[in-house]
Amino acid sequence: MSGPDLRISATPEEAARECSSYILSLLAGKQHATFAISGGSTPKLLFTDLAKAEFDWSKVHIFWVDERCVPPDSKDSNYRLADETLLGPAKIPASNIHRIYGELPPPEAAARYVADIRAAFALKNGELPVFDVLHRGMGGDAHTASLFPGTPLVHDRTGIATNVWVEKMKMDRITLLPGVLLAAQHTVLQVAGAEKAEALHNVLREPEDFEKYPCQIASRDERAVWFLDQAAAAKL
Ligand code: 6PG
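First, a word on what this report is: a plain description of the structure on this page. Predicted, not measured: the structure shown is a model, and the values here were computed from it.

So, the site of the ligand
In the vicinity of the ligand, 15 residues are found, and the nearest of them are Thr-42, Asp-66, His-143, Ala-145 and Lys-196. Note that an oxygen atom of the ligand is positioned 2.5 Å from one of the side-chain N or O atoms of Asp-66. Here the ligand loses 89% of its free accessible area of 420 Å² to cover by the protein chains. More than half of the atoms belonging to the ligand lie within 2 Å of the grid points that define the largest pocket.

See below:
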């Protein structure tokens, strides 16, 4: 099996531009496309670039890789970041937006999201959704989505999404599960900053250990394309 495609740019801004063009090339021309996006701070540049492009978003359905259990107007909400920088500016139709209801009690938010995904993908029992494009970030501790080091959830291959208490953040979150990350047609990872360099080295170069480095899930084969700035790539 060949490895992932690593695209290294001089700056986070350039990396975001490259990432944006690549994602649009994957989504373009489809009659119905599914795009799962991440949160945190890194995607802001990407979302802004995506929103600036001349692109017909009417065929693209937006989902989230994970969400913090906060109301949608909280500064910590992944939905809010996307709404302010992409969904609103690009005028993505409300019926295409499949947000996670972070304001609900966590088990209810997870169940509602699973039901929404099942309906949107017309899934039969036991089937997993196959996202056309699944966009992920990585934390300095090698987490991805809301799968943090040490969580047994990294071994789940059957679930779609779940709620999880993240002790490190002292917060409940809703996250897609590994089976869905592994099933995605295209995985696009966007990582920037020197504080990610060590984790990036471990994720890409250390032997596979999903509990230690959850971001290794579905990120080390040819279906994964990484958009990096030089600072993040410094230890590769
Ligand atoms: C979130 C995420 C998460 C994120 C990484 C990187 O809700 O925080 O979706 O998995 O991608 O934590 O976050 P930064 O871009 O803020 O470094």
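Read on, since the account is not over.
Points about the packing of aromatic side chains
Under the definition given, this model contains six aromatic pairs. Centre to centre, the rings of Phe-55 and Trp-57 are 4.8 Å apart; their planes meet at 65°, and the pair counts as edge-to-face. For the ring pair Trp-64 and Tyr-79, a centre distance of 5.7 Å and an interplane angle of 55° mean the geometry is tilted. On the criterion of sequence distance, the pair formed by Trp-64 in strand E3 (residues 60-64) and Tyr-79 in helix H3 (residues 78-87) is long-range, its members being 15 residues apart. By relative accessible area, which is 0% here, Trp-64 ends up buried. Through a chain of ring-to-ring contacts, the aromatic side chains of Phe-63, Phe-121 and Phe-131 assemble into a single cluster. Sitting over the ring of Tyr-79, Arg-99 keeps its end group 5.3 Å from the ring centre. For the cation-ring pair, Arg-99 lies above Tyr-101, with the distance from its terminal atom to the ring centre recorded as 4.0 Å.

With respect to the environment of His-135
Tracing the backbone shows His-135 in strand E5 (residues 133-136). His-135 sits in the buried class, given a relative accessible area of 1%. Residues His-135 and Pro-43 lie 92 residues apart in sequence; the distance between their C-alpha atoms is 9.2 Å. At a separation of 3.0 Å, a polar atom in the side chain of His-135 contacts the side chain of Gln-190.

The rules behind each value
- Residues numbered from 1 in each chain as written.
- Predicted model: local features only at pLDDT ≥ 70, side-chain atom pairs only at ≥ 80, totals over all residues.
- Heavy atoms only, no water.
- Near = heavy atom within 4 Å.
- Polar contact = N/O pair within 3.5 Å; in protein donor to acceptor, adjacent residues only side chain to side chain.
- Areas by Shrake-Rupley, 256 points an atom, 1.4 Å probe, with all protein chains shown as cover.
- 1 Å grid on protein atoms, 1.4 Å probe; cavity = no way out; pocket = protein on both sides within 12 Å on 5 of 7 lines; lining within 4 Å.
- Sits in = over half its atoms within 2 Å of the grid points.
- Phe/Tyr/Trp six-rings, centres within 6.5 Å; stacked < 30°, edge-to-face > 60°.
- Helix = DSSP H or I, 4+ residues; strand = E, 2+ residues; numbered from the N terminus.
- Buried < 20%, exposed > 50% of the residue type's maximum accessible area, 1.4 Å probe, protein only.
- Lys NZ or Arg CZ within 6 Å of the ring centre and 35° of its normal.

Scope: geometric values only; no functional claims are made or implied.
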